[in-house]
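So you can see what is in the structure, the chains are spelled out below.
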Amino acid sequence: MEYISGEILTKDGFIKGYIGFQNKKIIEFGSEKPKKKPIATGFIIPTLINSHTHIGDHFIKKLKINLPKNIEKLVAPPNGLKHKLLNDTPEKEIINGMKESINIMSNSGTSKFFDFRENGISGIIQLNKATRDNKNISPVILSRPNQLRYDKDEINLILNNSQGIGLSSITDWNYSEILKIAKHTKLKKKIFTIHSSERLRENIDQILDLKPDFLIHMNYATESDLIRVKENNISIVICPRSNKFFKLKTNYKIMEKLDINLMLGTDNAMINTPNILTELKYYKKINKIDSNEKLLNMITYNPRKALNLDYNIPDIKSSKEFIILDKTSLEIRNIPFSHEEIKNDN
Ligand SMILES: [Zn+2]
């Protein structure tokens with residue numbers, strides 16, 4: 001039997017301990033010292049979750065064009081540069097870009113990513129083609145209709161093929177259409193989420209009336225808006241490197257103070273690598289956060305909480321999916337025991 005030891009991140013915080021495994025199976029864990037010298041030490045944590053991606057635009061990175069730093073010109077539907085390029089590019093090229101994003105995430109310990117899927121049902125099919133060959137990572141697909149309008153049949157179709165809806169923003173849409181989509185999504189018991197107050201403050205009543213499961217950004221929300229979000233027990237995904245790229249105002253300090261359930265996302269793959277550890281380290285640096293527990297929760301337990309997943313390590317029965325990080329660099333340790341191997345060995 002081989003051992004790894006260190007600080008195990010449970011859902012109630014860090015505990016010191018070790019995990020013993022053999023033939024890629026977890027045999028034991030304990031809080032004492034392991035019986036044999038461990039092959040690696042560090043933070044033993046659940047596999048990572050990237051809570052906000054658009055990997056469909058990864059191919060744009062390879063075009064080596066100067067991307068406008070104006071959020072509307074670059075990403076707003078239907079006329080943003082990204083949407084023009086998505087419509088003009090052969091599907092194979094889009095899928096190959098997605099595959100690159102998926103490999104980057106999988107190689108950095110990510111087992112799940114919440115992808116905001118553009119282009120209706122064809123966008124969902126593209127993502128499924130891209131993830132098919134990688135058994136170590138699975139998407140939470142948050143789809144959207146092809147056009148900025150509600151069509152009952154289309155919503156049924158995309159909801160039957162995804163985990164829910166992820167819309168651009170109430171500013172881009174006619175509000176009554178969004179409301180119909182949100183109600184339809186809730187009726188089907190699927191996830192509803194939306195980019196909110198990213199580049200300007202949006203009406204908090206309108207946002208909350210949509211009954212979102214979680215919100216993306218909230219950069220321009222006021223403190224009173226954020227208090228309402230907290231009171232409604234809604235989680236927020238923040239994307240610090242994306243905010244930096246677009247030079248947007250941020251609200252991290254208030255969100256932290258209000259103890260909102262915060263998650264991290266890497267946003268558009270054409271702008272930033274989808275490696276969530278890179279995002280985490282950037283957030284740690286700009287906010288001078290010392291608590292590794294707080295930081296690591298943002299990419300492990302907090303998103304699982306937002307999805308209502310009951311999850312904990314080390315629990316041999318319910319979970320075999322964990323990784324080990326170097327305590328100083330927060331980089332994934334290269335040991336012969338990865339979540340990939342565990343997952344392939346049920
Ligand atoms: Zn986004």
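Just so we're clear, the structure is a prediction, and the values are computed from it rather than from any experiment.

Peer 1: I'd like a rundown of the sheet that holds strand E9 (residues 191-196), residues and numbers included.
Peer 2: Strand order in the open sheet formed by 9 strands is E12-E11-E10-E9-E8-E7-E6-E5-E13, with parallel pairing between adjacent strands. Of all the strands in the sheet, the pair left with one neighbour each is strand E12 (262-264) and strand E13 (267-268). Where E9 lies against strand E10 (residues 214-217), 4 bridges are found, and the strand directions are parallel. Across the sheet, Thr-193 pairs through a bridge with Phe-214, a residue of E10. Sheet strands in contact with helix H4 (residues 91-107) are strand E5 (48-54) and strand E6 (110-117), and its direction is about 145 degrees off that of E6. With respect to the sheet, helix H12 (residues 276-287) is in contact with E5, E6, strand E11 (235-238) and E12, its orientation differing from that of E12 by roughly 125 degrees.

Peer 1: Got a sec to walk through the domain arrangement of the chain? Specific residues and values, please.
Peer 2: Put simply, an interface is often sized by how much accessible area is lost when its parts join up. Partitioning the chain into structural domains gives domain 1 (2-46 + 310-343) and domain 2 (48-299). Using only C-alpha atoms to locate each centre, domain 1 and domain 2 end up separated by 30 Å. Of the residues lining the interface, 16 residues belong to domain 1; the matching set on domain 2 comes to 18 residues. If you look at where domain 1 meets domain 2, you find 2 residue pairs in polar contact (both at pLDDT 80 or more). Mapped onto the side of domain 1 that touches domain 2, the elements with two or more residues apiece are strand E2 (13-22), strand E4 (40-46), strand E14 (322-325) and helix H15 (339-343). Broken down by class, the residue content of the side of domain 1 that touches domain 2 amounts to 9 nonpolar, 3 polar and 4 charged.

Peer 1: Explain the coordination of the zinc ion to me, using residue names and the numbers behind them.
Peer 2: Distances from the zinc ion to its protein donors, His-52 (NE2), His-54 (NE2), His-195 (NE2) and Asp-267 (OD), fall within 2.1 to 2.6 Å. Each of the 4 donor atoms bound to the zinc ion contributes to angles spanning 85 to 167 degrees, and the resulting shape is irregular. Mapping the donors of the zinc ion onto the primary sequence gives the spacing H-x1-H-x140-H-x71-D. Of this pair, His-195 sits in strand E9 while Asp-267 sits in strand E13; the two residues are 72 residues apart in sequence, bridging distant segments of the chain. Asp-267 matches His-195 in its accessibility class, with the two residues each being buried.

Peer 1: Residues and numbers for the side chain of Asn-302, please.
Peer 2: Looking at the element boundaries, Asn-302 is found in helix H14 (residues 301-306). When sequence neighbours within four positions are dropped, the list of residues in contact with Asn-302 reads Asn-261, Leu-262, Met-263 and Asn-297.

Peer 1: Outline the environment of Pro-77, supporting the account with residue identities and numerical values.
Peer 2: For Pro-77, the position within the fold is in the loop between helix H2 (71-75) and helix H3 (81-88). For Pro-77, a relative accessible area of 15% translates into the label buried. As a C-alpha pair, Pro-77 and Ser-168 span 91 residues in sequence and 7.6 Å in three-dimensional space.

Peer 1: Kindly report on the packing of aromatic side chains, identifying the contributing residues and their values.
Peer 2: A full pass over the atoms with the stated rule returns 5 aromatic pairs. The interplanar angle of 40 degrees and the centroid separation of 5.5 Å between the aromatic rings of Phe-114 and Phe-214 together place this pair among those described as tilted. Of the two residues, Phe-114 is situated in strand E6 and Phe-214 in strand E10; the sequence distance between them amounts to 100 residues. Owing to a relative accessible area of 0%, Phe-114 belongs among the buried residues under this scheme. When the ring centre of Tyr-220 is taken as reference, the NZ or CZ atom of Lys-249 above it lies at 5.7 Å.

Peer 1: Mind laying out the pairing of E4, listing which residues take part and the relevant values?
Peer 2: Burial analysis of E4 places 6 of its 7 residues in the buried class, the great majority of the element. Examined bridge by bridge, strand E1 (residues 2-10) and E4 share 5 bridges and lie parallel to one another. Paired with Gly-6 across the bridge in E4 is Gly-42. Note that E4 and E14 share 4 bridges and pair antiparallel. Considered in E14, the bridge of Ile-45 is made with Ile-323.

Criteria and thresholds
Residues numbered from 1 in each chain as written. Predicted model: local features only at pLDDT ≥ 70, side-chain atom pairs only at ≥ 80, totals over all residues. Heavy atoms only, no water. Pairing = 2+ DSSP bridges. Helix = DSSP H or I, 4+ residues; strand = E, 2+ residues; numbered from the N terminus. Contact = heavy atoms within 4.5 Å. Axes fitted to C-alpha atoms, helices over the stretch in contact; angles between N-to-C directions. Domains from an automatic or database assignment. Polar contact = N/O pair within 3.5 Å; in protein donor to acceptor, adjacent residues only side chain to side chain. Nonpolar A, V, L, I, M, F, W, Y, C, P; charged D, E, K, R; others polar. Donors = N, O, S within 2.8 Å, 3.2 Å for Na, K, Ca; no water. Tetrahedral: all angles 85-135°; square planar, octahedral: opposite > 155°, others 65-115°. Buried < 20%, exposed > 50% of the residue type's maximum accessible area, 1.4 Å probe, protein only. Phe/Tyr/Trp six-rings, centres within 6.5 Å; stacked < 30°, edge-to-face > 60°. Lys NZ or Arg CZ within 6 Å of the ring centre and 35° of its normal.

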